[in-house]
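Descriptive structure summary
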Amino acid sequence: MLAPEVPMSHSVAGEPPSAGRRAAPLTTAVYSATEWDLLTSLPGRVIVAAAAPGPGRPRRGVAAGLAGLDAVAAGRAFDSDLVRAVVAAIYARHDGASPSVDRLADLVDLLAACRAATRVLRRADPADSAAYRQWVQSVAARVCRATPGAEALPPAPADRRFLDRLGGALGLG
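The text that follows walks through the structure, step by step, so that each part is easy to find. In every chain, residue numbers begin from 1 and rise along the written sequence. This being a predicted model, a pLDDT of at least 70 is required before a residue's local features are given, and a value of 80 or more before pairs of side-chain atoms are given or counted; all residues contribute to the totals for chains, interfaces and linings. Hydrogen atoms and water are omitted, and side-chain values are computed over all heavy atoms in the structure.

Here we look at helix α2 (residues 62-74)
The way it works is that DSSP assigns letters per residue, a run of H or I at least four long becomes a helix, a run of E at least two long becomes a strand, and they are numbered from the N terminus. Here, expected helix span is obtained from the residue count minus one, scaled by 1.5 Å. Given a rise of 1.5 Å per residue, 13 residues ought to cover 18 Å, and the 18 Å separating the end C-alpha atoms of α2 matches this to within 8%. Per-residue accessibility, obtained with a 1.4 Å probe over protein chains only, is compared with the maximum for each type, and a residue is labelled buried under 20%, exposed over 50%, and partly exposed between these values. Those residues of α2 lying buried are A64, A67, G68, A71, V72 and A73. Any two residues whose heavy atoms approach within 4.5 Å at even a single point are treated as in contact. On the buried face of α2, the contacting elements are α1 (33-51), α3 (81-92) and α6 (126-145).

Some remarks on the packing of α3 against α6
Angles run from 0 to 180 degrees between N-to-C directions of axes, and those axes are lines fitted to C-alpha atoms, restricted for helices to the stretch in contact. Their axes nearest at 7 Å, the elements α3 and α6 cross at an angle of 50 degrees. With respect to α6, the axis of α3 lies oblique. Of the residues in α6, those in contact with D81, L82, V83, V86, V87 and I90 of α3 are D128, A131, Y132 and W135. Its residues assigned to classes, the contact of α3 with α6 shows eight nonpolar, no polar and two charged. By definition in this entry, angles of less than 35 degrees are roughly parallel, angles greater than 145 are roughly antiparallel, angles of 65 to 115 are roughly perpendicular, and the rest are oblique. Note that Gly is not counted as nonpolar here; it falls among the polar residues with everything else outside the nonpolar set of Ala, Val, Leu, Ile, Met, Phe, Trp, Tyr, Cys and Pro and the charged set of Asp, Glu, Lys and Arg.

Any functional reading would require information beyond the geometric quantities listed.
Shown next, in the form of structure tokens:
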């Protein structure tokens with residue numbers, strides 16, 4: 001399975017990129033199909049793990065999943081060719097190739113996938129790598145904040161630990 005090409009952010013006539021977007025000729029061709037699948041499946045895996053109940057973590061409902069999906073969709077407006085391409089691939093996916101929920105909920109597996117994605121992103125433009133990793137972290141943070149009645153409260157200590165571990169696995173702190 002070949003990965004789709006990422007649209008370039010400059011015009012055909014060669015004008016500079018609009019709205020501060022870089023004209024880097026980034027394509028998904030630099031990633032194997034397995035690596036591309038990792039990058040495009042990770043945000044969904046993060047939503048499931050962030051919404052999963054656990055010791056010290058509040059019970060979340062549909063609002064948490066919707067907050068995560070909204071955070072994924074927000075990637076369409078990122079100033080990163082890579083993040084926009086990942087979001088486009090997520091929305092274009094119609095093959096039903098989503099891992100099982102049991103696999104998605106396994107925190108150890110998720111953190112390993114985050115570390116693997118961070119290694120894969122060493123080949124990306126540093127700004128794209130940082131934008132992708134921060135975007136994935138923001139997806140989890142939005143899900144963790146989507147606790148009914150707790151929107152103005154700081155995250156529960158267990159959620160904070162989850163976000164800290166996720167950030168560490170993504171190389172963000």
